[in-house]
Number of protein chains: 2
Amino acid sequence: MSALPADFLEKLRRLLPQDGLLTAPEDLAPYECDALSAYRRRPPAVALPRTEEEISAILNLCRMHNVPVVARGHGTGLSGGALPIEGALLLTLARLNRILMIDPLARTARVQPGVRNLAISQAAAPYGLYYAPDPSSQIACSIGGNVAENSGGLHCLKYGLTVHNILEVRAITIDGDIITLGSRAFDAPGYDLLALITGSEGMLAVIVEITVRLLPKPERAQVLLAAFDSIANAGVAVGQIIAAGIIPAAMEMMDKLSIQAAEDYVHAGYPVGAEALLLVEVDGVNEEVSDGLRVVYEVVKACGATEVRTALDEAERTRFWAGRKAAFPAIGRISPDYYCMDGTIPRGRLPEVLVRIAELSEEYGLPVANVFHAGDGNLHPLILYDANKPGELEKTEEMGGKILETCIAVGGTITGEHGVGVEKLNQMCVQFSSAELEVFHALKAAFDPPGLLNPGKAVPSLHRCAELGAMHVHHGQLPHPELPRF
Amino acid sequence: MSALPADFLEKLRRLLPQDGLLTAPEDLAPYECDALSAYRRRPPAVALPRTEEEISAILNLCRMHNVPVVARGHGTGLSGGALPIEGALLLTLARLNRILMIDPLARTARVQPGVRNLAISQAAAPYGLYYAPDPSSQIACSIGGNVAENSGGLHCLKYGLTVHNILEVRAITIDGDIITLGSRAFDAPGYDLLALITGSEGMLAVIVEITVRLLPKPERAQVLLAAFDSIANAGVAVGQIIAAGIIPAAMEMMDKLSIQAAEDYVHAGYPVGAEALLLVEVDGVNEEVSDGLRVVYEVVKACGATEVRTALDEAERTRFWAGRKAAFPAIGRISPDYYCMDGTIPRGRLPEVLVRIAELSEEYGLPVANVFHAGDGNLHPLILYDANKPGELEKTEEMGGKILETCIAVGGTITGEHGVGVEKLNQMCVQFSSAELEVFHALKAAFDPPGLLNPGKAVPSLHRCAELGAMHVHHGQLPHPELPRF
């Protein structure tokens with residue numbers, strides 16, 4: 001950690017109340033990493049503003065002193081977007097945590113960025129409304145972080161990502177200007193800056209207020225569990241359910257290793273021993289749910305499901321989902337370490353990609369647990385490894401890179417909902433052409449001319465990609481992802 | 001019309017086949033305007049490329065000779081986005097008109113920009129699929145133009161705007177580079193360039209291919225017609241239907257003047273004499289539609305509807321919609337000229353804004369017909385005037401400006417689905433702050449450093465806004481919109 005300039009720190013201290021600036025090593029430790037904990041760096045200082053005015057003044061000061069700044073929500077991100085940067089101020093938005101308004105007629109909530117995702121649905125519940133995107137971390141994660149990463153969740157198959165569920169964002173630029181992106185009314189003129197800032201990983205502006213869309217709670221939601229003795233059959237069923245005209249609220253898939261781990265952990269009532277499990281939720285009005293479930297039942301049977309059950313009551317439905325939501329920590333119980341990937345593929349390519357992942361698992365001698373948003377084609381292979389065994393992390397990263405490149409090769413992408421952060425910078429060189437990366441850099445410069453907002457994240461430099469390309473040619477294959485240089 | 005440089009034209013001619021370049025005055029006349037026909041300018045030349053390679057070469061040539069270029073689809077736009085610019089080449093994409101692929105499993109269609117909106121649904125019909133956004137001009141308008149303007153339509157209340165129904169766009173930059181925006185898979189890493197180019201009105205890049213999302217045709221669609229003896233009551237009903245948890249496929253409102261004009265024109269079976277008419281379509285599975293209609297029926301009755309009917313059969317349903325879709329030409333039959341506005345407002349403010357429009361109509365002595373997407377809060381007031389009466393166009397534009405400013409004042413926007421083009425440049429100065437406009441300009445420069453793509457459209461210069469502000473203060477009110485200067 002390189003220190004911040006003394007005069008900068010002095011001015012910063014005068015801008016903020018006494019509890020608004022942390023510089024003691026023991027206070028800084030909690031901010032060393034986000035949920036991608038393999039990457040750590042202690043920040044030189046952490047600012048904890050309470051108001052827009054304070055944030056505006058902080059950004060202004062950073063610009064004047066040419067000090068980079070990393071904005072952070074509650075640190076649950078999985079790609080290192082909130083990882084501190086050498087010589088940069090860490091700016092946490094945790095204290096902007098008020099729900100400013102719930103408008104049940106317009107079905108919107110206006111909230112500050114530090115509000116927890118689940119808190120919005122809890123506040124909207126008395127009106128029969130809720131906020132749809134539900135990352136597995138929804139108890140803890142902040143809505144500002146959700147916007148910065150364009151987060152997804154189990155129910156994004158039917159209800160879309162964060163970008164589809166927000167209407168307006170207030171943000172502060174590196175110049176300290178407050179800008180409004182999007183509109184609470186239908187559509188907004190000018191370029192679509194709301195979509196642009198969503199998923200921009202703190203690189204364009206600091207988000208200080210969000211107006212989200214609320215949805216009425218469906219009359220009924222029912223989940224169907226189908227077991228298969230072949231993962232390929234389960235993959236085929238996913239495509240066939242969509243082809244039959246059903247849009248499930250959620251459609252999740254787990255493989256044998258995940259089923260076993262989750263069952264041991266939360267006793268969800270899963271069929272242990274099955275090669276694959278599909279959880280398909282249908283919601284809506286009562287008859288629609290009955291009709292939908294009938295179709296899903298017929299499709300999974302036709303695809304060779306060995307066991308099909310619907311949850312008998314709300315308690316069993318909650319249990320079925322609890323198993324899925326606890327799948328990551330459940331894997332954490334059976335392996336010293338695991339590496340969570342986040343690739344996407346066109347739904348129709350699911351069976352062949354699962355086969356390829358199994359081949360890679362064999363080749364590298366590393367077990368893989370597959371838990372994923374099957375309906376979206378959003379894979380979360382978890383590679384099980386032991387960081388204490390020399391070379392195993394490197395092997396894991398190499399194998400992870402190959403999985404992502406397989407995703408690109410079949411027409412998919414390197415991230416569905418976890419963001420690029422520092423984790424997938426190298427794969428961005430594979431995903432995008434130089435012309436496309438140049439557009440990204442020009443956009444960054446348009447918002448943030450001095451390049452002080454979360455620099456070095458999300459979009460690799462052309463130099464980095466060129467070096468990677470050179471190594472490419474030299475070794476005849478892509479090198480494994482390395483720690484980012486910034 | 002100022003001529004293009006002779007050496008530029010000569011090189012352009014060599015790039016294209018003989019029928020690929022128009023320069024004779026009689027050939028250029030059809031390209032003088034789009035559907036905002038009050039603004040006209042003859043282009044010096046029109047290029048009609050057939051391939052991406054030709055477009056890439058044309059853009060490269062424009063950049064080398066510093067010649068501006070205006071891209072155009074089928075010219076049905078309502079805000080002058082495709083209006084020729086002094087000394088600029090007009091580039092029409094009409095010949096890129098092939099449907100490249102329909103993938104019924106992935107539910108996507110890959111099409112060229114010159115394909116007509118309705119042609120996509122017709123090609124997808126054999127698979128039970130369709131493309132949802134349906135502008136009233138869908139028989140004629142091009143999908144490339146839909147993307148450039150982020151077009152809406154009757155069914156956008158439930159199914160979203162163009163931006164919500166496309167997955168991937170291929171575009172060519174002013175440097176001639178081909179870039180891919182978005183992804184056919186779930187989500188895409190990096191900034192959301194797909195949303196950014198959607199609605200960018202030809203200012204960022206030239207769109208050469210679009211992958212659209214297709215939806216399964218709903219099992220049943222039924223429309224309910226409700227007549228009211230007060231437009232305010234109809235406005236209240238709109239809010240109450242949404243508040244009751246129904247999301248209609250479409251919810252349209254017409255006032256007395258529109259009802260009468262449409263009925264005289266297409267004999268839709270509307271209750272002539274009613275002050276307001278609501279058309280509410282519910283679609284989905286059979287029971288869902290029955291349940292939804294029951295709720296809508298109860299709400300409109302409680303809000304004082306004087307007559308409520310559902311279409312007896314598909315023929316009557318088609319007739320009900322034919323009246324609405326023909327409302328603009330129907331008004332054209334009863335008034336020498338009309339001016340179509342496109343403001344949006346938060347749904348809850350509908351009743352008061354309708355009252356304000358009626359007051360303005362009285363004050364200016366100009367009749368107004370209200371036809372609009374009520375569910376979205378997207379108003380289309382049509383101001384009836386006679387361009388042959390001296391001063392009446394100016395009076396109309398002034399009144400139109402006041403309607404749009406009323407929209408902004410209640411938290412709405414100056415355009416819902418028609419774009420800014422040249423028509424609403426001045427209102428952009430009211431809608432956005434200088435800091436926000438600066439971001440727009442920086443984005444434009446990031447994509448198009450020499451500023452050659454459709455310059456002067458969509459985003460006003462800060463100078464223009466400053467002048468307008470100065471006039472503002474001087475006269476104590478906003479001047480009427482004037483012809484843009486470029």
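Residues numbered from 1 in each chain as written. Chains lettered and ligands numbered in written order. Predicted model: local features only at pLDDT ≥ 70, side-chain atom pairs only at ≥ 80, totals over all residues. Heavy atoms only, no water.

### Focus: the overall build of chain A
Phase 1: Across its full length, chain A holds 17 helices and 18 strands.
Phase 2: Expected size for 486 residues packed as a compact globule is a radius of gyration near 23 Å; at 23 Å, chain A falls within 12% of this value.
Phase 3: For chain A, the residues scored as buried account for 60% of the 486 residues in total.
Phase 4: Within chain A, contacts between residues at least 6 apart in sequence are counted, and of these 71% link residues at least 24 apart.
Phase 5: About 17200 Å² of surface is accessible on chain A, with carbon and sulfur atoms providing 52% of the total.
Phase 6: A gap of 4 Å separates the mean positions of the 40 positive and 58 negative side-chain charges of chain A. (Helix = DSSP H or I, 4+ residues; strand = E, 2+ residues; numbered from the N terminus. Rg over C-alpha atoms; globule rule 2.2 N^0.38 Å. Buried < 20%, exposed > 50% of the residue type's maximum accessible area, 1.4 Å probe, protein only. Contact = heavy atoms within 4.5 Å. Areas by Shrake-Rupley, 256 points an atom, 1.4 Å probe, with all protein chains shown as cover. Lys, Arg positive; Asp, Glu negative; His and termini not counted. Charge placed at Lys NZ, Arg CZ, Asp CG, Glu CD.)

### So, the domain arrangement of chain A
Residue and element names in this part refer to chain A.
Phase 1: Taken as a whole, chain A is organised into domain 1 (6–92), domain 2 (99–216), domain 3 (220–330) and domain 4 (335–475).
Phase 2: On the side of domain 2, 17 residues touch domain 1, which itself brings 14 residues to the contact.
Phase 3: Where domain 1 abuts domain 2, roughly 1300 Å² becomes buried across the two surfaces, and 59% of that area is made up of carbon and sulfur atoms.
Phase 4: When residues of domain 1 are sorted by the area they lose upon contact with domain 2, Glu52, Leu59 and His74 head the list and together hold 41% of the total.
Phase 5: Applying the counting criterion to the domain 1 and domain 2 interface returns two salt bridges.
Phase 6: Asp175 serves as the salt-bridge partner of Arg63, at 3.1 Å between the closest nitrogen and oxygen.
Phase 7: Counting the contacts that link domain 1 with domain 2 gives five residue pairs in polar contact (both at pLDDT 80 or more).
Phase 8: The set of elements that each furnish at least two residues to the side of domain 1 that touches domain 2 consists of α3 (52–65) and β3 (69–72).
Phase 9: Among the elements that line the side of domain 1 that touches domain 2, the one with the most residues is α3, at six residues.
Phase 10: Residues belonging to the side of domain 1 that touches domain 2 are distributed by class as follows: five nonpolar, seven polar and two charged. (Domains from an automatic or database assignment. Buried area = accessible area lost by both parts, 1.4 Å probe. Salt bridge = Lys/Arg side-chain N within 4 Å of Asp/Glu carboxyl O. Polar contact = N/O pair within 3.5 Å; in protein donor to acceptor, adjacent residues only side chain to side chain. Nonpolar A, V, L, I, M, F, W, Y, C, P; charged D, E, K, R; others polar.)

### What to know about the interface of chain B and chain A
Phase 1: If you look at the interface, chain B gives 65 residues, while chain A gives 64 residues.
Phase 2: Across the chain B/chain A interface, buried area totals approximately 5100 Å², and carbon plus sulfur atoms make up 68% of it.
Phase 3: When the buried area of chain B at its contact with chain A is split by residue, Phe186, Pro189 and Tyr191 of chain B rank highest and sum to 19% of it.
Phase 4: Summed over the shared surface of chain B and chain A, the number is zero salt bridges.
Phase 5: At the boundary of chain B with chain A, the tally comes to four residue pairs in polar contact (both at pLDDT 80 or more).
Phase 6: Only β9 (178–182), α7 (193–197), α8 (231–243), α10 (286–302), α15 (425–431) and α16 (434–447) of chain B provide two or more residues apiece to the side of chain B that touches chain A.
Phase 7: Here the side of chain B that touches chain A gets nine residues from one element, more than from any other, and that element is α16 of chain B.

### Some points on the state of the cysteines
The term disulfide refers to a covalent linkage connecting the sulfur atoms of a pair of cysteines.
All names here are of chain B.
Phase 1: Tallied over the entire structure, the rule returns two disulfides over all chains.
Phase 2: Disulfide pairing places Cys429 opposite Cys465 at an S-S distance of 2.0 Å. Because the torsion about its S-S bond is -75°, the bridge between Cys429 and Cys465 counts as left-handed. Placement of the pair is Cys429 in helix α15 and Cys465 in helix α17 (residues 462–475), with a sequence separation of 36 residues. Accessibility assignment for this pair places Cys429 and Cys465 in one class, buried.
Phase 3: Cys340 takes part in no disulfide bond, and the closest cysteine sulfur to it belongs to Cys407, at a distance of 12 Å. (Disulfide = S-S within 2.5 Å.)

### Looking at the relation of the copies chain B and chain A
Phase 1: After a rotation of 180° and a shift along the axis of 0.0 Å, chain B superposes on chain A with an RMSD of 0.0 Å. This pairing of chains is accounted for by a two-fold axis.
Phase 2: Comparing contact sets, 98% of the residues at the interface of chain B also lie at the interface in chain A, consistent with an isologous, same-surface contact. (Least-squares fit on C-alpha atoms with pLDDT ≥ 70 in both.)

### Topic: the sheet that holds strand β3 (residues 69–72) of chain B
All names here are of chain B.
Phase 1: Strand order in the open sheet made by the four strands is β1-β2-β4-β3, with mixed pairing throughout. Edge positions in the open sheet fall to β1 (21–22) and β3, since each of these has one partner strand only.
Phase 2: Pairing between β3 and strand β4 (residues 89–92): four bridges, direction parallel. Paired with Val70 across the strands is Leu90, a residue of β4. (Pairing = 2+ DSSP bridges.)

### A closer look at the packing of α8 of chain B against helix α13 (residues 350–364) of chain B
If you want to describe how two helices pack, look at the angle between their axes and the distance between the axes.
All names here are of chain B.
Phase 1: Taken N-terminus to C-terminus, the directions of α8 and α13 make an angle of 150°; their axes are 8 Å apart at the nearest point. Classed by the angle they form, the pair α8 and α13 counts as roughly antiparallel. At the point where α8 passes α13, the crossing takes the right-handed sense. Contacts between α8 and α13 pair Ile231, Ala232, Gly235, Val236 and Val238 from the former with Leu350, Pro351 and Leu354 from the latter.
Phase 2: Of the residues in the contact of α8 with α13, the class split is seven nonpolar, one polar and no charged. (Axes fitted to C-alpha atoms, helices over the stretch in contact; angles between N-to-C directions. Parallel < 35°, antiparallel > 145°, perpendicular 65-115°, else oblique. Left-handed = near helix turned anticlockwise from the far one by under 90°.)

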